[in-house]
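Reading the structure
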Number of protein chains: 2
Amino acid sequence: MKISSGKLPKIAVLGGTGDQGGGLALRWSLAGYHVTLGSRSVERASAMADQLNKQYKGAKLEGAGNRVAASAAEVVVLTVPYKFQRATVEEVCEVIDGKILVDVTVPLMPPKVARVHLPEGGSAVVSIQKLLGSSVRVVSAFQNVSAQHLRNLDEPIECDVLVCGDDVEAREVVIDLAKAGRMRGVHAGPLVNSVVAEALTSILIGINRRYKVPGAGISITGLSGETTGPR
Amino acid sequence: MKISSGKLPKIAVLGGTGDQGGGLALRWSLAGYHVTLGSRSVERASAMADQLNKQYKGAKLEGAGNRVAASAAEVVVLTVPYKFQRATVEEVCEVIDGKILVDVTVPLMPPKVARVHLPEGGSAVVSIQKLLGSSVRVVSAFQNVSAQHLRNLDEPIECDVLVCGDDVEAREVVIDLAKAGRMRGVHAGPLVNSVVAEALTSILIGINRRYKVPGAGISITGLSGETTGPR
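Presented here is an overview of the structure given in this document. (Residues numbered from 1 in each chain as written. Chains lettered and ligands numbered in written order. Predicted model: local features only at pLDDT ≥ 70, side-chain atom pairs only at ≥ 80, totals over all residues. Heavy atoms only, no water.)

1. Quick notes on the packing of helix α4 (residues 82-92) of chain B against helix α5 (residues 124-132) of chain B
Residues and elements named next belong to chain B.
- For the pair α4 and α5, interaxial distance at closest approach is 11 Å and the crossing angle is 15°. Put simply, α4 runs roughly parallel to α5. Crossing geometry of α4 relative to α5 is assigned as right-handed. When α4 is examined against α5, the residues Tyr-82, Gln-85, Arg-86, Val-89 and Glu-90 are found in contact with a partner set consisting of Ala-124, Val-125, Ser-127, Ile-128, Leu-131 and Leu-132.
- The class makeup of the residues in the contact of α4 with α5 is seven nonpolar, two polar and two charged. (Axes fitted to C-alpha atoms, helices over the stretch in contact; angles between N-to-C directions. Helix = DSSP H or I, 4+ residues; strand = E, 2+ residues; numbered from the N terminus. Parallel < 35°, antiparallel > 145°, perpendicular 65-115°, else oblique. Left-handed = near helix turned anticlockwise from the far one by under 90°. Contact = heavy atoms within 4.5 Å. Nonpolar A, V, L, I, M, F, W, Y, C, P; charged D, E, K, R; others polar.)

Set out below in C-alpha cells:
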C-alpha cells in the first residue's frame, strides 16, 4: 500500500490501551489522524478510546480488536510489551501485507530493566521484519519517549525519536508521524541500527533511578535548525 | 590500584597518535593531568607529543611505547581502531592488573560504518573485560564524541559521555575525566550497556552524512542542572 501524499494515513495502535500506545494515539488523533486503538479485548479498547475522547477535547479515537484495527489501517503501530510482540504480529500478519509496521518494542527483561538485554540477533524489531518478510515495511521508532511525556500535552517533549528502517520512504512517513506528535524524528539508518534505540531505553531507566528524574531522554546534537523540524 | 582521592591519576592513552586519543590526551594534559601518549612506535608517540605541546600552550604530553606508557599509569585509555583492540590489550595486560582500563573502542566494520555491526556477544568492550578478568576494572566511555570536537578547544562539546562499567567507583573516576575534558559524563549502568554507546557511533556517522553536519552527538535530556555538572 502506497501512502498517498497529502492525505493522512489511517493508523492502528496495537496495544493502544497501554500508556505508550495510548499517548501516541492521543497525539495523532489530536493532530487530525484517524486512529483506532487495538487490543486483544474490544471492550477494553473501546473503553480506553471513550475515556481519552472525554478527557482530551478534540480526540476522536475508536477502539477495536487488534486484527480489525490493523485491517482498516495503512500504518500499524505496535506498542505491546515485549512478551506479546511476536504473538500480536502473528495475529495481524495476514492483514498487514504491503503496509508499514511501526514497531515500538523494547526487549526489557524484568526485573533488571536497567540492564541491556540483547535478544537473539541483537534487535527485537529486526526479528519481526524477518518473520514478516519484505512485503511489510517495518520501521523502528518511539522506544525512548516516556509515556509520561506523551500524555503531558502542555510541555514540549525533550526527546528525539530515532527512526530506523530499510525503506527510506517508510521512514519518512514515520518522521512525519513524530512531527504530528510534536516530536523530532531523526533518520537513524537501516533497521539493524534499531538495537541502539531498543537498548537505550534500559540506560534511560537507569538514569531516571540514579539521578532521581522522572523521564530522561536523548537529543541528537549538532543538527542545524533547518534540517530538524520543530522543537 | 586505588585512585587516591584529591590526587590526579596518571593517564596513558594507547593509540594516542590517533585523532580521538590525541584529542582526549590533550584535554587532560591541559587540565593538569600527567598524560603519556602510547603507540606501537615510540618515535611516533614522541613526535605527536612534541607536536601537540608546541601547538597548544600549556600541554605537557610525553610519548612512549604502549607497554611502558601503560606500566607507568593508573588509568589506561584505549583508543586504537577496533582491529587492533585485542592485540593492544594483550600487549599491556601484564602491566595493568588492578588498574582502570577505559575502552573507547567502536566496533566499526568498514566500509559500511553507518550500519551497526554487533560483534560476538554484542559489545567489543565486554569482550575485553572477559579477556582481562575482574582484576582490571574496565569502563566504556567517549565513543560518541567526535575527534574534531575534541581538538576544538574554543567551543563547548555538545555531546554527553555515556559511562558504563560494573565498578561504580571506576565509573566515577571516568566521569571526573570527562569533566576535566570539559564534557558531561553520565552514569549509564553496567558494562553490558556499553553496546549502546558502541553502536550509536554508527548512527551518528549516518546522521552526519544524511543531514550534512560535521559532528552530530547526543545529549541526555531531563537531567536537572545540579546533578549534571558543568556544560
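2. Examining helix α2 (residues 42-55) of chain A
Residues and elements named next belong to chain A.
- The first and last C-alpha atoms of α2 sit 20 Å apart over 14 residues, in line with the 20 Å expected at 1.5 Å per residue.
- Listed in full, the buried residues belonging to α2 are Ala-45, Met-48, Ala-49 and Leu-52. For α2, the angular spread of buried residues about the axis comes to 100°, placing them on one side. Exposed positions of α2 whose direction lies more than 90 degrees from the buried face are Glu-43 and Lys-54.
- Looking at the packing, one finds that the buried side of α2 touches α1 (19-30), β2 (35-39), β3 (62-65) and α6 (147-151). (Expected span 1.5 Å × (residues − 1). Buried < 20%, exposed > 50% of the residue type's maximum accessible area, 1.4 Å probe, protein only. Arc of directions from axis to C-beta.)

3. Comments concerning the relation of the copies chain B and chain A
- Superposing chain B onto chain A takes a rotation of 180° plus a shift of 0.0 Å along the axis, which leaves an RMSD of 0.0 Å. With respect to symmetry, the two chain copies, as superposed, fit the operation of a two-fold axis.
- Take the interface residues of chain B: 100% of them recur as interface residues in chain A, which is what a same-surface contact looks like. (Least-squares fit on C-alpha atoms with pLDDT ≥ 70 in both.)

4. Regarding unusual backbone geometry
- The amide bond that connects Pro-110 of chain A to the next residue, Pro-111 of chain A, takes the cis arrangement and shows omega of 5°.
- For Pro-111 of chain A, the location among the structural elements is in the loop between β5 (100-103) and α5 (124-132).
- Although it is not a glycine, Phe-142 of chain A adopts a positive phi angle of roughly 70°.
- Position of Phe-142 of chain A among the secondary structure elements: in the loop between β6 (137-140) and α6.
- With a relative accessible area of 2%, Phe-142 of chain A lands in the buried category.
- For Lys-212 of chain B, which is not glycine, the phi torsion reads 55° and is therefore positive.
- Mapped onto the secondary structure, Lys-212 of chain B falls in the loop between α8 (194-211) and β9 (217-221).

From the geometry alone we can't say anything about function, so treat these as descriptive.
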